[in-house]
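Working through the structure, step by step
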Amino acid sequence: MNCNEASSRFDAFLTDRLNVRETDAFLKHIENCPDCRDELEVRYMVRYTSNDLDERSQYGGNENYDLRNLLADKLNERKRFVRRQRMISFAVLVFVLAALLAFVIWFFFIPSGGL
Ligand SMILES: [Zn+2]
């Protein structure tokens, strides 16, 4: 993924609309590209401060929000999402292979009429 592709996905990333593969590619680019990370940080701050303003004032208007940490949380959350989806895919693959193996064993190794 290059910088143009990454910057066209900022909004989709922040609203969790990227699929697993896109999220993974996006995160890898963000980790290696300080320019895009800064840009994402700015977009995230804008989004956060405009969306949650009402909610924040409800809790006494605490202004000590560390937006940098919030973005780090967001990035970690998305990393966990990629990892979880990978694990699910892996589990499905293992299950399919096991089923296939069971079928092969049944088909080739259990003598017909033997059961
Ligand atoms: Zn970049």
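This report concerns the structure included in the present document. All of these numbers come straight from a predicted model, not from anything done at the bench. By convention here, each chain's residues receive numbers from 1 onward along its written sequence. Only residues with pLDDT of at least 70 are given local features in this predicted model, and only at 80 or more are side-chain atom pairs given and counted; all residues enter the totals for whole chains, interfaces and linings. Computation of side-chain values covers all heavy atoms of the structure but excludes hydrogens and water.

Examining the overall build of the protein
The secondary structure listing takes helices from DSSP runs of H or I that are at least 4 residues long and strands from runs of E that are at least 2 residues long, numbered from the N terminus. Broken down by element type, the protein carries six helices and zero strands. Along the protein, helices (α) and strands (β) appear in the sequence α-α-α-α-α-α when read from the amino end. Think of it in three bands: residues with accessible area under 20% of the maximum for their type are buried, residues over 50% are exposed, and the middle band is partly exposed, with areas taken using a 1.4 Å probe on protein chains only. Within the protein, buried positions represent 23% of all 115 residues. In the protein, 62% of the contacts between residues at least 6 apart in sequence involve partners at least 24 apart. We call two residues in contact when some of their heavy atoms are within 4.5 Å.

Describing the packing of aromatic side chains
Ring pairs shown here join Phe, Tyr and Trp side chains whose ring centres sit within 6.5 Å, with only the six-membered ring taken for Trp; geometry is labelled stacked below 30 degrees between planes, edge-to-face above 60, and tilted in between. A complete count under the given rule lists six aromatic pairs for this structure. Through pairs of rings, three or more aromatic residues link up here, namely Phe-103, Trp-106, Phe-107 and Phe-108. Over the face of the ring belonging to Phe-81 we find Arg-78, whose NZ or CZ atom lies 4.2 Å from the ring centre. Lysine NZ or arginine CZ positioned within 6 Å of the ring centre and within 35 degrees of the ring normal marks a charge as sitting over the ring.

Structural notes on the side chain of Glu-41
Relative to the helices and strands, Glu-41 is located in helix α4 (residues 34-51). Of the residues examined, Glu-41 reaches a relative accessible area of 6% and is grouped as buried. With residues near it in sequence (within four places) discarded, Glu-41 still touches Arg-68 and Leu-71.

With respect to the side chain of Thr-23
Position of Thr-23 among the secondary structure elements: in helix α3 (residues 20-32). Given a relative accessible area of 0%, Thr-23 falls into the buried group. From its side chain, Thr-23 meets the backbone oxygen of Asn-19 in a polar contact 2.8 Å long. Leave out the neighbours within four places in its chain, and Thr-23 touches Phe-13, Leu-18, Arg-78, Phe-81 and Val-82. Throughout this description, a polar contact denotes any pair of N or O atoms lying within 3.5 Å of each other; where both atoms belong to protein, one of them has to be capable of donating a hydrogen while the other can accept it, and for residues adjacent in sequence the pair is counted only when both atoms sit in side chains.

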